[in-house]
Amino acid sequence: MLYAMMMLRLIFVWVTAISPLACWGQSGSLVGDGAFGQVRGLFVQDGVSIAPKSTSASLFSGHIDGSFFAPPPVVVRQADPSAVQRLRSIIGQAESPVAGYDAVQHGAVIKPRKRPTDMTIGEIFDWIAATPGQPHAIGRYQFIPDTLARVVAQVGARRSDQFSPAMQDQLADVLLDDAGFGAFLAGDLSQQRFMNNLASIWAGLPTSTGRSKYHGIAGNRATVTLAHFQSEITKIAPG
């Protein structure tokens, strides 16, 4: 009897110690790791977007603290529209000079059946989920899955919302805010630092070295010169 009681006690201690680990092991990220990760469970129903804040390194992801459902960046909305448009144009020239808002990463073997601007956000994520193992950068700003999931949640966009030029601009504005656009306009961030911040988000832009921060990684390179990049940024605010 004493032996049996000791065995039951050992079993109880073992189950108590192991069960939290078992529960943790069953939970997983809503977004697959890496640029080519498969997206799962981003939306539970139409009109309610569920997505995590990206914590892994990403060629096009910024860093932001706070709620996933924070309003669009106030600084970008209040900035001179011509300055915002010029900045968006610089990025678009580097990332999608030909197809613009309908650009799809050239390495994607299976392309969407429709032009990106004719798709809803839900259809974009459905395409990503159905085509694992390939690049999924899409749109004028070449959003990759984890970054797209984060900025979609950040602006409170819905699965049924169109991936229109206006929507893409709104999503990109979150990343402009991440790069310190407001601080740059206010004179609290140097031109070089701001440019390097942008180049950390978009691989087609050069850093102060003249090369992409991600040069040679997955074929990335700067697609505009440092002189041109700096010239355009200077038109927004002198260094």
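Small disclaimer: the values here were computed from a predicted structure and weren't measured.

A.B. asks: Summarise the overall build of the protein chain; cite the residues concerned and give the values.
C.D. replies: Along its length, the protein chain carries nine helices and two strands. Put simply, the protein chain runs from its N terminus to its C terminus through helices and strands in the order α-β-β-α-α-α-α-α-α-α-α. Looking at the protein chain residue by residue over its 239 residues, the buried ones come to 45%. At a minimum sequence separation of 6, the contacts of the protein chain that also span at least 24 residues come to 63%. In the form shown here, the protein chain has an accessible surface area of approximately 12500 Å², with 59% of it arising from carbon and sulfur atoms.

A.B. asks: Would you mind going over the packing of aromatic side chains in detail, with residue names and values included?
C.D. replies: A full pass over the atoms with the stated rule returns five aromatic pairs. Taking the centre distance of 4.5 Å and the plane angle of 15° together, the rings of F184 and F194 count as stacked. Pair noted here: F184 is in helix α7 (residues 181–185) and F194 is in helix α8 (residues 191–201), with a separation of ten residues, a long-range link. You'll find F184 and F194 in the same group, each marked buried. A connected cluster of aromatic rings, assembled from ring pairs, spans Y101, Y141, F143 and F163.

A.B. asks: Give a description of the pattern of salt bridges that names residues and reports values.
C.D. replies: Where side chains of opposite charge bring their charged atoms close, a pairing between them can arise. Taken as a whole and assessed by the stated rule, the structure comprises nine salt bridges. When the shortest N-O distance is used, the salt bridge between E232 and R86 registers 3.0 Å. Of the two residues, E232 sits in helix α9 (residues 226–236) while R86 sits in helix α3 (residues 81–95), which places them 146 residues apart along the sequence. A salt bridge links D173 to R88; the nearest nitrogen and oxygen atoms lie 2.7 Å apart. Here the residue D173 occupies a position in helix α6 (residues 165–178), and R88 occupies one in helix α3, the gap between them amounting to 85 residues. The exposure classification of D173 matches that of R88, with both residues buried. Members of the salt-bridge network, linked through shared partners, are R88, R140, D169 and D173.

A.B. asks: Could you give an account of the side chain of T117, naming the residues involved and the relevant values?
C.D. replies: In this structure, T117 sits in the loop between α3 and α4 (121–130). Filtering out sequence-adjacent residues up to four positions away, T117 remains in contact with Y101, D102, Q162, F163, P165 and Q168.

A.B. asks: So what's going on with the packing of helix α5 (residues 145–155) against α6? Which residues, and what values?
C.D. replies: α6 packs onto α5 with a crossing angle of 100° between their chain directions and a minimal axis gap of 9 Å. By the angle between their axes, α5 is roughly perpendicular relative to α6. Residues T147, L148, R150, V151, V152, Q154 and V155 of α5 form the contact with α6, whose own contacting residues are Q170, L171, V174, L175 and D178.

A.B. asks: Give a description of the environment of D173 that names residues and reports values.
C.D. replies: Given the relative accessible area of 9%, D173 is considered buried. Here the alpha-carbon distance between D173 and L87, two residues 86 residues apart in the chain, equals 9.9 Å.

A.B. asks: Summarise the environment of Q142; cite the residues concerned and give the values.
C.D. replies: Considering the arrangement of structural elements, one finds Q142 in the loop between α4 and α5. The exposure class of Q142 is buried, given its relative accessible area of 7%. The spatial distance from the C-alpha of Q142 to the C-alpha of G100 is 9.4 Å, given a sequence separation of 42 residues. Here the side chain of Q142 touches G139 through a polar contact of 2.9 Å, landing on its backbone oxygen.

A.B. asks: Can you lay out the packing of α3 against α6 for me, pointing to particular residues and giving the numbers?
C.D. replies: Running from N to C, α3 and α6 point in directions that differ by 95°, and their axes come no closer than 11 Å. Taken together, the axes of α3 and α6 are roughly perpendicular relative to one another. Contact with α3, carried on its side by V84, L87, R88 and I91, involves D169, D173 and L176 of α6 and no other residues of that element. A class-by-class count of the residues in the contact of α3 with α6 yields four nonpolar, no polar and three charged.

What counts as what
- Going along each chain's sequence as written, the residues are numbered from 1 onward.
- The model is predicted, so local features are restricted to residues of pLDDT at least 70 and side-chain atom pairs to those at 80 or more, both for listing and for counting; the totals for chains, interfaces and linings are taken over all residues.
- Only hydrogens and water are removed before side-chain values are computed, so all heavy atoms of the structure are retained for them.
- Helix and strand definitions here come from DSSP, where helices need a minimum of 4 consecutive H or I residues and strands a minimum of 2 consecutive E residues; each element is numbered from the N-terminal end.
- Relative accessible area decides the class of each residue, using a 1.4 Å probe on protein chains only: under 20% of the type maximum gives buried, over 50% gives exposed, and in between gives partly exposed.
- Between two residues, a contact is recorded if the distance between any of their heavy atoms is within 4.5 Å.
- Shrake-Rupley sampling with a 1.4 Å probe provides the accessible areas, and residues are treated as covered by the protein chains on show and by no other component.
- Under the pairing criterion, centres of Phe, Tyr and Trp rings, with the six-membered ring standing for Trp, must be within 6.5 Å; the plane angle then separates stacked pairs below 30 degrees from edge-to-face pairs above 60, leaving the rest tilted.
- Whenever Lys or Arg places a side-chain nitrogen within 4 Å of a carboxyl oxygen from Asp or Glu, that contact is recorded as a salt bridge.
- Note on definitions: angles span 0 to 180 degrees between N-to-C directions of axes, and those axes are lines fitted to C-alpha atoms, for helices only across the stretch in contact.
- With respect to orientation, any angle under 35 degrees is reported as roughly parallel, any angle over 145 as roughly antiparallel, any angle of 65 to 115 as roughly perpendicular, and every other angle as oblique.
- Here a polar contact means two N or O atoms within 3.5 Å. Within protein one must be a hydrogen donor candidate and the other an acceptor candidate, and residues neighboring in sequence count only if both atoms are side-chain atoms.
- Gly is placed with the polar residues, together with every amino acid not listed as nonpolar (Ala, Val, Leu, Ile, Met, Phe, Trp, Tyr, Cys and Pro) or charged (Asp, Glu, Lys and Arg).

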